[in-house]
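# Commentary on secondary and tertiary structure
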Amino acid sequence: EVIKEIHQKYLEVGADIIETNTFSSTSIAMADYEMEAFVYEINFQSAKLAKEATQEYNLKDPSKPRFVAGAIGPTNRTASMSPDVNDPGYRAVTFDLREAYKQQVEALIDGGVDLLLVETVFDTLNAKAALFAIEEVKEARGLNIPTMLSGTITDASGRTLSGQTAEAFLVSVSHIPLLSVGFNCALGANLLQPHLEVIAQKSDFAISAHPNAGLPNAFGEYDETPEEMAAQIEEYLKKDLVNIIGGCCGTTP
């Protein structure tokens, strides 16, 4: 009930796409809580709830279709870097994590999502495992479900955590048939703009942006108002940078 109510609040204010609450719902991330056995159920029920919410609004106003994006996060392990500074060759996870992603993807599709969103990508190898899993499931089921991909630029260096620039990130995923490519999290709308400009100039995909509400204060809270954020996002529109816009940390309905 609580989760469905949150979805309804976003639909009420006009969201076209809502995400399932499944960001960390892979067996790898759930292992921290000894909840691997519940992964299918978590993803399936999350998708089902979001779908129920959108269907109610689609019946009310069929002229404005609403869609559910199955949220696929990066996991809490990285395939391309060592978590141990004393052993640079060590990996906490390998490309086999695609099996964990496959389980999540199947459950999200079974639950009724309209598209899949691989988001907050800090390690492109993890993302490739997720995209590989999606393509496997699509092929096995004869489906053509759209896929959105969203990386995260971690700091002022303009790179992802695994060291790629915006352009390098784009190039390394462009062989996959994507609905959109973009960035979310880490930065506010104004700091994200230069990175969106890079990929908007070089990609034939639709471009998405889900910035944070500015940067967090000393207490980890976000002070930027919706009006302040909207003014920055308007600059995206003036420059024709984005096709899909949303919000990440600190944003609300």
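Preceding block: the structure.
The rules we used
Residues numbered from 1 in each chain as written. Predicted model: local features only at pLDDT ≥ 70, side-chain atom pairs only at ≥ 80, totals over all residues. Heavy atoms only, no water. Pairing = 2+ DSSP bridges. Helix = DSSP H or I, 4+ residues; strand = E, 2+ residues; numbered from the N terminus. Buried < 20%, exposed > 50% of the residue type's maximum accessible area, 1.4 Å probe, protein only. Phe/Tyr/Trp six-rings, centres within 6.5 Å; stacked < 30°, edge-to-face > 60°. Lys NZ or Arg CZ within 6 Å of the ring centre and 35° of its normal.

## Section: the sheet that holds strand E5 (residues 180-188)
Spatially, seven strands are ordered E1-E2-E3-E4-E5-E6-E7 in an open sheet, and the strand pairing comes out parallel. The open sheet is flanked by strand E1 (17-19) and strand E7 (244-245), the only strands paired with a single partner. Sheet analysis places E1 next to strand E2 (residues 67-72), joined by three bridges and oriented parallel. Note on E2: the bridge partner recorded for Ile17 is Phe67.

## Observations concerning unusual backbone geometry
Phi at Glu34 takes a positive value of approximately 55°, unusual for a residue other than glycine. Turning to its location among the elements, Glu34 is positioned in the loop between helix H2 (27-30) and helix H3 (39-60). A relative accessible area of 71% means that Glu34 is categorised as exposed. In the Ramachandran plot, Cys185 falls in the positive-phi region, its phi being about 65° despite a non-glycine side chain.

## A word on the packing of aromatic side chains
Using the criterion set out here, one finds two aromatic pairs in the structure. Here Tyr40 and Phe44 contribute two aromatic rings whose centre-to-centre distance is 5.9 Å and whose plane-to-plane angle is 10°, an arrangement assigned as stacked. Of this pair, Tyr40 and Phe44 both sit in helix H3, four residues apart, which is roughly one turn of the helix. On the accessibility criterion, Tyr40 (36% relative accessible area) is partly exposed. Judged by its relative accessible area of 23%, Phe44 falls in the partly exposed class. An angle of 35° between the planes, with centres 5.8 Å apart, marks the rings of Phe169 and Phe183 as tilted. Taken together, the positions of Phe169 in helix H6 (residues 166-173) and Phe183 in strand E5 put the pair 14 residues apart, joining distant regions of the chain. Per residue, the accessibility class of Phe169 equals that of Phe183, and both read buried. The ring centre of Tyr57 lies 4.2 Å from the NZ or CZ of Lys60, which sits over that ring.

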